[in-house]
Amino acid sequence: MPGKSTLPLPAPCPCCAPCPSWSPQAAAMPGTGSMRSTGSESWRSWAWTSRPSLLATGRLHFPQLALRRRLGQLSCMSKPALKLRSWPLTVLYYLLPLGALRPLSRVGWRPVSRVALYKSVPTRLLSRAWGRLNQVELPQWLRRPVYSLYIWTFGVNMKEAAVEDLHHYRNLSEFFRRKLKPQARPVCGLHSVISPSDGKILNFGQVKNCEVEQVKGVTYSLESFLGPRTPAEDLPFPPATPHSSFRSQLVTREGNELYHCVIYLAPGDYHCFHSPTDWTVSHRRHFPGSLMSVNPGMARWIKELFCHNERVVLTGDWKHGFFSLTAVGATNVGSIRIYFDRDLHTNSPRYSKGSYNDFSFVTHANKEGIPMRKGEHLGEFNLGSTIVLIFEAPKDFNFKLQAGQKIRFGEALGSL
């Protein structure tokens, strides 16, 4: 008919599923045939009469379309820019009540995983700031309240401390690194390997398939943890062959096996660590890395956590072959100190992640390395962290432990 509009009917949006209430009859309104007709039925009346589901559910589809377009723009951005734009939404996603941002999932947005979000936290910078704060000298009147709160929170036993007077410790760093009374930790002389520190046994046993358990069911690569084999003559490794496994490069004697033991130091534990046996330290390897928390809950959550974190690997040999002790850093524990290694500087801005630095204690004047006696002072942490022992021993070596048990420095780990 002349004067009657013959405009084509609008099609549903191709970027989302058609609205359940959309239909050609609802789209073709009286008047001019346009959806924004000003005829007998206005646009506003059409929106609420032709789409009753909108009134029932209270969900607007047009913001979802706008979000889809915005997400399409984000997909064209570079990865750093996309990460920066998505980070605030991800934080809100995990902080707000469950389901508050659920509509975002309907338009194709997915939050960054909790692990990736946690890894993006600048833990090295925060740990350096914490270290500076620990060095601030506290006034006399403030020392007792601050240290008493820490003692109450983490269950510190000050009766074992060499100095029990809280006013003696000028700052938090001195308090964390407090020494013990000589008789507080007797060293077991009957067993060949003792605990190097106070802590909790997370895992122990034989190394299988070059994989080590950080906690039950969660493993990490032995080669990633200790670092690749290098051809330097002063390293305590036998020469590598073209097709030899990493384990065979460490085991020096036929019939021996590799064993491991993981000890977690809580914030309230004694923070110094000692030599677990009579051995000779010939090499140090420092891995700058992240400083994520190493508590058991986090170790179950993040695979290869110990390989991501900053750590100091001491390698050498004992009477049965290869022996290593690794001090793993953690959040606010960027400072790892080895008493006989003055060249070691941890959590320093000049190091880049993913690299490692080797240092040999074997020199022309000292062709064997640093001899350590069982129970001798070796190093210290700030706050708390993890010690990992990896060593070679005969097949009849037995651990005297149970997973999850509390242990103190000087107590037996195992023996032949």
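Residues numbered from 1 in each chain as written. Predicted model: local features only at pLDDT ≥ 70, side-chain atom pairs only at ≥ 80, totals over all residues. Heavy atoms only, no water.

Taking an unreviewed UniProt entry as the reference, the protein is identified by name as Phosphatidylserine decarboxylase proenzyme, mitochondrial belonging to Odocoileus virginianus. Recorded in UniProt for the protein, the comment headed Subunit (unreviewed entry) runs: "Heterodimer of a large membrane-associated beta subunit and a small pyruvoyl-containing alpha subunit." As stated in UniProt under Function (unreviewed entry), the record for the protein gives "Catalyzes the formation of phosphatidylethanolamine (PtdEtn) from phosphatidylserine (PtdSer). Plays a central role in phospholipid metabolism and in the interorganelle trafficking of phosphatidylserine. May be involved in lipid droplet biogenesis at the endoplasmic reticulum membrane." (UniProt positions renumbered as here; feature names shortened; annotations may be inferred.)

Draft legend 1. Examining the overall build of the protein more closely. In terms of helices and strands, the protein carries 14 helices and 17 strands. Here the protein holds 416 residues, and the buried ones make up 44% of them. As displayed, the protein has an accessible area near 22400 Å², and 58% of this comes from carbon and sulfur atoms. (Helix = DSSP H or I, 4+ residues; strand = E, 2+ residues; numbered from the N terminus. Buried < 20%, exposed > 50% of the residue type's maximum accessible area, 1.4 Å probe, protein only. Areas by Shrake-Rupley, 256 points an atom, 1.4 Å probe, with all protein chains shown as cover.)

Draft legend 2. Just the UniProt feature "active site" (unreviewed entry) in the protein, in detail. As recorded in UniProt, the feature "active site" (unreviewed entry) lies at Asp198, His274 and Ser385. On the basis of their most widely separated C-alpha atoms, the annotated residues across 188 residues gather in one place, lying no more than 14.2 Å apart. Leave out the neighbours within four places in its chain, and Asp198 touches Arg185, Ile263, Tyr264, Leu265, Asp269, Tyr270, Ile407, Arg408 and Phe409. At a separation of 2.6 Å, a polar atom in the side chain of Asp198 contacts the side chain of Arg185. (Contact = heavy atoms within 4.5 Å. Polar contact = N/O pair within 3.5 Å; in protein donor to acceptor, adjacent residues only side chain to side chain.)

Draft legend 3. Quick peek at the pattern of salt bridges. One pass over the structure, following the stated rule, counts 13 salt bridges. A salt bridge links Lys179 to Glu380; the nearest nitrogen and oxygen atoms lie 3.8 Å apart. Within this pair, whereas Lys179 is found in the loop between helix 10 (172-176) and strand 1 (193-194), its partner Glu380 is found in strand 13 (residues 377-380), the two being separated by 201 residues in sequence. Bridged by salt links that share partners, the residues Glu160, Arg185, Asp198 and Arg408 form one connected network. (Salt bridge = Lys/Arg side-chain N within 4 Å of Asp/Glu carboxyl O.)

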